[in-house]
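# Observations on the model geometry
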Amino acid sequence: LEAMLVAIAEAADAFFMALATPAPLPPRIARFLPTSDLETMPRPQAAQRTKLLSLFEEALRVKHSCDAHRSILEALRQLGFYQVVLDLLLLPHTCNAIHIRAASIVEETLKMEGSHDALLMRQALLQDAQL
């Protein structure tokens, strides 16, 4: 478990960028489009985003606090993680799994208990929600 947390902590910004930015179009499709349309075409992202949300949810669920867990939570706070999660939850979507994962992350954050880290994560959620 700790090895997984260390791996997530080391690449938290890369995982976040993969979640928050659109995936590039596959070359087999992009070759048929004009360059000006490459940035505006819809992309299949549901599977990747669902997996990334699951990964972050598992990182939030960890009950014991270690350095890797604290660094993941700090990175998520600094990156504005909950802004992306709330957008995925509230904006129109084509994949119910993304909606379910985003709702589960919000629920998990609200259920976090006891530690100073839990309080900071709830504050980050409320701040990103602008409540």
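Structure first, text after, so check above.
We now turn to the structure provided with this report. (Residues numbered from 1 in each chain as written. Predicted model: local features only at pLDDT ≥ 70, side-chain atom pairs only at ≥ 80, totals over all residues. Heavy atoms only, no water.)

## Concerning the overall build of the protein
Using the following cut-off: Comment: elements are numbered from the N terminus, with helices defined as DSSP H or I runs of at least four residues and strands as E runs of at least two. Only protein chains enter the accessibility calculation, which uses a 1.4 Å probe; a residue is then buried when its area is under 20% of its type maximum, exposed when over 50%, and partly exposed in between. Positive residues here are Lys and Arg, negative ones are Asp and Glu, while His and the chain termini are left out of the count. Charged groups are reduced to one reference atom each: NZ for lysine, CZ for arginine, CG for aspartic acid, CD for glutamic acid.
Across its full length, the protein carries 8 helices and 0 strands. The dimensions of the protein, computed from C-alpha atoms along their principal axes, are 55 × 35 × 25 Å. Relative to its 131 residues, the protein shows a buried fraction of 38%. Positive and negative side-chain charges in the protein, numbering 12 and 15 respectively, have mean positions lying 7 Å apart.

## Some remarks on the side chain of Thr109
The test is simple: Contacts are residue-level and defined by heavy atoms, with any inter-residue pair within 4.5 Å sufficient.
Examined against the element boundaries, Thr109 turns out to sit in helix α7 (residues 96–111). You can call Thr109 buried: its relative accessible area is 0%. Sequence-distant contacts of Thr109, defined by excluding residues within four places in its chain, comprise Leu60, Tyr82, Met121, Arg122 and Leu125.

## A few points about the layout of surface pockets
In this approach, a probe sized like a water molecule rolls over the atoms, and the result shows the empty space that is left. This is how it is decided: Both cavities and pockets are sets of points on a 1 Å grid over the protein atoms alone; in a cavity a 1.4 Å probe fits but cannot get out, in a pocket the set is open with protein on both sides within 12 Å along at least five of seven lines, and lining residues sit with an atom within 4 Å of a point. Grid points are joined across faces, edges and corners, and a volume is the space filled by probe spheres set on the points. Amino acids outside the nonpolar list (Ala, Val, Leu, Ile, Met, Phe, Trp, Tyr, Cys, Pro) and the charged list (Asp, Glu, Lys, Arg) are all regarded as polar, and Gly is one of them.
In this structure, the largest pocket spans a volume of roughly 350 Å³. Broken down by secondary-structure element, the contributors of at least two residues to the lining of the largest pocket are α2 (12–20), α4 (46–61) and α6 (81–90). Looking at which element gives the most residues to the lining of the largest pocket, the answer is α6, with 3 residues. Residue composition of the lining of the largest pocket, by class: 9 nonpolar, 3 polar and 2 charged. In this structure, the second largest pocket occupies an estimated 190 Å³ of space. As for the second largest pocket, its lining consists of 14 residues, and the residues nearest its centre are Val62, Lys63, Met112, Glu113 and Ser115. Classifying every residue of the lining of the second largest pocket gives 5 nonpolar, 3 polar and 6 charged.

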